[in-house]
Amino acid sequence: MALSVLVVLISVGVFVASRRLAPLVRARQQAIAALCAQRGLVPVAESSDFAILGRIEPRWLSNCFSSPDHAVTIADFIRPAGKNTQFFSLLTFAVAGVNVPYVEVARRNLIAGPVMGGPPTLELESTEFDKRFIVKAKDRRSAVMLLDPGMMQLMLDCQEVSFDMVSDKVLAFINRHTEPKHQPAEPVEFEMLFRFLDGFIPRVPDLLRSEYPYVNGIQGVRD
């Protein structure tokens, strides 16, 4: 009898909580839609847009928006992780003309990113940057070229954004569990990710484009 009462009380509590959160969820959805519309993004995306994650269930994505050619895609991402659930906001885009071996740049407060595993960790010659980020790279030389002073400053300025890059594809992400508290109805994660996008492509060093060119889908590392 007591167990039945407890189950009923929990069910009622979940229902009440969901009813209270619903207006905030709708407000955030509307704000995201308006923000994405300003950039010409439409409410459509596919799990294949986030291929760097490997195989994912489409139901794990929400608030999905993409450019008509799918060159830029942004979404919220929820992934079951054992007894826990991981909450991310994701942005993927391409950088024309480069083919970079896998590199990950993650905030040190990030318990786990959306991409599992990864290559060895390396340190850069910036004490401030190394205090705040963990860098993993398959190829140290290309990672050092990518993370020049301008790119490191962008990462320092972009608050909670981390990213993975392989070939010409970038996956930027925010772990929504570790970010500072803010109003639930505000799409701050999407705003941060768009700020990162706006700063990242112009800061890709010319040396990286020269030394790691993308030629007919083949990595062309120069000697």
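Here's a quick rundown of the structure. (Residues numbered from 1 in each chain as written. Predicted model: local features only at pLDDT ≥ 70, side-chain atom pairs only at ≥ 80, totals over all residues. Heavy atoms only, no water.)

Before going further, it helps to examine the side chain of Glu-211. Looking at the secondary structure, you find Glu-211 in helix α6 (residues 206–211). Within the structure, Glu-211 has its side chain in polar contact with the side chain of Arg-141 (distance 2.9 Å). (Helix = DSSP H or I, 4+ residues; strand = E, 2+ residues; numbered from the N terminus. Polar contact = N/O pair within 3.5 Å; in protein donor to acceptor, adjacent residues only side chain to side chain.)

Here we take up the nonpolar core. Considering soluble globular proteins, one finds that nonpolar side chains tend to be buried as a cluster. Among the nonpolar cores identified, the biggest contains 47 residues, and Phe-129, Phe-163, Met-165, Phe-196 and Phe-200 are the most heavily contacted of them. When residues of this core are assigned to their parent elements, the largest contribution, eight residues, is made by helix α5 (residues 188–203). Contacts of Phe-196, omitting those with residues within four sequence positions, involve Phe-93, Leu-154, Met-155, Cys-158, Val-161, Phe-163, Val-170 and Ala-172. Judged by nonpolar contacts, the second largest core, of twelve residues, contains Leu-53, Ile-56, Leu-61 and Ala-75. (Core = buried A, V, L, I, M, F, W, Y, C linked by side-chain atoms within 4.5 Å. Buried < 20%, exposed > 50% of the residue type's maximum accessible area, 1.4 Å probe, protein only. Contact = heavy atoms within 4.5 Å.)

This part covers the sheet that holds strand β4 (residues 100–107). An order of β1-β2-β3-β8-β7-β4-β6-β5 is seen for the eight strands of this open sheet, with the pairing classed as antiparallel. Each of the sheet's edge strands pairs with one partner strand only, and the pair in question is β1 (61–66) and β5 (121–122). Pairing of β1 with strand β2 (residues 72–81) involves four bridges; the strand directions are antiparallel. When the bridges of β2 are listed, Leu-61 appears paired with Phe-77. Taken strand by strand, α5 contacts β1, β2, β3 (84–94), β7 (162–167) and β8 (169–175), and its axis lies near 35 degrees from that of β3. (Pairing = 2+ DSSP bridges. Axes fitted to C-alpha atoms, helices over the stretch in contact; angles between N-to-C directions.)

As paired strands, β2 and β3 are joined by ten bridges and run antiparallel to one another. Counterpart to Ile-78 in the pairing with β3 is Phe-87. The pairing of β3 with β8 spans seven bridges and is antiparallel. Bridging across to β8, Leu-91 finds its partner in Ala-172.

Per the stated rule, a full pass over the model turns up zero disulfides. Looking at Cys-64, it has no disulfide partner, and the nearest cysteine sulfur is the one in Cys-36, 9.9 Å off. (Disulfide = S-S within 2.5 Å.)

Excluding glycine, residues mostly have negative phi values, and the peptide bonds linking residues are mostly trans. If you check the backbone angles, Asn-63 has positive phi at about 50 degrees while not being a glycine. Among the secondary structure elements, Asn-63 is positioned in strand β1. Overall, Asn-63 belongs to the buried group, its relative accessible area being 17%. Positive phi, normally seen in glycine, also occurs at His-70, with a value near 65 degrees.

In this model, α5 (16 residues) spans 23 Å end to end at C-alpha, consistent with the 22 Å of a helix rising 1.5 Å per residue. Of the positions making up α5, those classed as buried are Val-188, Glu-189, Phe-190, Met-192, Leu-193, Phe-194, Phe-196, Leu-197, Gly-199 and Phe-200. (Expected span 1.5 Å × (residues − 1).)

Turning our attention to the packing of aromatic side chains. Counted by the stated rule, this structure contains nine aromatic pairs. Between Phe-88 and Phe-173, the aromatic rings sit 6.1 Å apart at their centres with planes inclined by 80 degrees, giving edge-to-face as the arrangement. Taken together, the positions of Phe-88 in strand β3 and Phe-173 in strand β8 put the pair 85 residues apart, joining distant regions of the chain. When its relative accessible area of 0% is taken as the criterion, Phe-88 is described as buried. One aromatic cluster is present, formed by Trp-60, Phe-77, Phe-88 and Phe-173 through successive ring pairs. (Phe/Tyr/Trp six-rings, centres within 6.5 Å; stacked < 30°, edge-to-face > 60°.)

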